[in-house]
Structure formats: structure tokens, C-alpha cells
Amino acid sequence: MDLLTKAVVVAVIIAVVIVSAYYLLRQSSVNQITKAQATSLILDYLKNNYPGATVNITNVSSSVYVGSWYILASVISNSTSPCPSYSVLSFDYPQYGFVSRVENNYTGNCIVNGFANNHSSYIVASYPVAIALSHELNISSVNSYVQKAGYANVSVHATYYSAINYTNTIYQKVWLVDYNSSKLNYSVQVLLSQVGGNPLAVRNFS
């Protein structure tokens, strides 16, 4: 075996050793990530990348990738505006680091995704969806309120009730959405059905 051939063989062996060592060290590092550590790192990442958003880790389980964690997180931006954005992201950490996949975009750009195509059976399952839907439905009292106060000056909250006595009527499985603004001397309430998202009652009150 000539000198050049020996040099090539040695170089290949060194390369194999280096690559093997890298993957062994990487696998060792992966296996050292605990569930709590992975959750904390993903939460910190989301808070830094979505400043001001309401961020929650909703589920953590073992990933299909050995040594990693499958993490689901909800991200709600502008949560008290008339048009909050609500998405669910997933991570396989540390297998893919902080690279996320969008599992669902529930709301965005003042639109509730999936509502128009499945109106009668659509289930309003969260407060940002209830808020965005109450704005999307083009209710005249809501439109007027937002226009008078100015979008940035309106604060909106939504509360779910399994049953409520509202204007002397008992309603079941509803969302009560409140529009408030310091720029106006009155507020607006919209009562939405949880199933179908229908506006059941609208009221202005001081």
C-alpha cells in the first residue's frame, strides 16, 4: 500500500471516528434533556419570540424521536383586542430544536378559520375564538362601538357559561363577550352560542 493510499485510509478512519463521536455525544446530550427542561426552554423561546402574547404549554409527551419531547403550545396575540390571533404550535425538542410546526390556526386577521364552511356545527371552544367571532359576524352595535372608540382603544373579554340568566332568559352553553373602552361611556355585550356561534343577544349598557 503506497503512502497516498495509507493517508486516504487514515483520513477516512479519522472522519468516521469524528462523525461517530459527534452522534454519540449528540445522543448523550439529547438523553439528558428532562421533560421539565424541555418545557422551560420552549416556553422561554416562545415568550421571547412572541412578546406580549399569552403563551401556554398545553401538552408534553414523549416524542417519536428517542430522547426528545413532543410539546404543544398555544400562542394568543392581542388577546383582549377585537381580533386576537390564536395558534397552536408543536415542537419535537431537542430533535429539531426550536423549529415549530403549526398544528392549527384558529384565528387570524379578524377571521375565525373554519367557521364559514362549517357554521352550524362549529364549536366555539376558546375565548379568543369567541372574541374574534363576535367581531367577524358584522354586528352593527359592535362595529359602531369599535369605530367610535377606535380599534386600539377597545378591550374585549369573553367568558363561557354552561347556563346563564341573561335579560330574563335562560341560555345554556354560551359565550358572553364584553366590549369596553375608556373613550366611551357605555359598553356592548354579545351573547354567542357555543355550538354554531350564533349571536343570541346583543346589548348596550352604561
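Not measured: the values here are computed from a predicted model. As a convention, each chain's residues are numbered from 1 in the sequence order in which they are written. The predicted origin of the model limits local features to residues at a pLDDT of at least 70 and limits the giving and counting of side-chain atom pairs to 80 or more, whereas totals for whole chains, interfaces and linings rest on all residues. Side-chain numbers here rest on the full set of heavy atoms in the structure, without hydrogens or water.

### Here we look at the sheet that holds strand β2 (residues 69-77)
Step number 1: Taken in spatial order, the 5 strands make up an open sheet running β1-β2-β3-β4-β5, and their pairing is antiparallel. The open sheet has two edge strands, β1 (54-62) and β5 (111-112), and neither has a second partner.
Step number 2: Should any heavy atoms of two residues lie within 4.5 Å, those residues are counted as being in contact. To obtain each axis, a line is fitted to C-alpha atoms, and for helices this fit is confined to the stretch in contact; angles are then taken between N-to-C directions over 0 to 180 degrees. By the criteria applied, helices consist of DSSP H or I runs no shorter than four residues and strands consist of E runs no shorter than two, each listed in order from the N terminus. Helix α2 (residues 35-49) rests against β1, β2 and β3 (85-93) of the sheet, and its axis sits at about 150 degrees to β1. A pair of strands is labelled paired if DSSP reports no fewer than 2 bridges between them.

### Considerations on the pairing of β3
Put simply, side chains in a regular strand alternate between the two faces of the sheet.
Step number 1: Among the 9 residues that make up β3, 8 are buried, leaving the element largely enclosed by the rest of the structure.
Step number 2: Strand direction decides the pairing type here: β2 and β3, joined by 9 bridges, are antiparallel. The residue of β3 that forms the bridge with Leu 72 is Ser 90.
Step number 3: Examined bridge by bridge, β3 and strand β4 (residues 100-108) share 6 bridges and lie antiparallel to one another. Along β4, the bridge assignment pairs Ser 87 with Asn 105.
Step number 4: Connecting β3 to the antiparallel partner β4 that follows it, the hairpin turn spans 6 residues, and Gly 97 within it adopts a positive phi of roughly 60 degrees. Each residue is assigned to one of three classes by its accessible area relative to the maximum for its type, calculated with a 1.4 Å probe on protein chains only: buried under 20%, partly exposed between the two thresholds, exposed over 50%.

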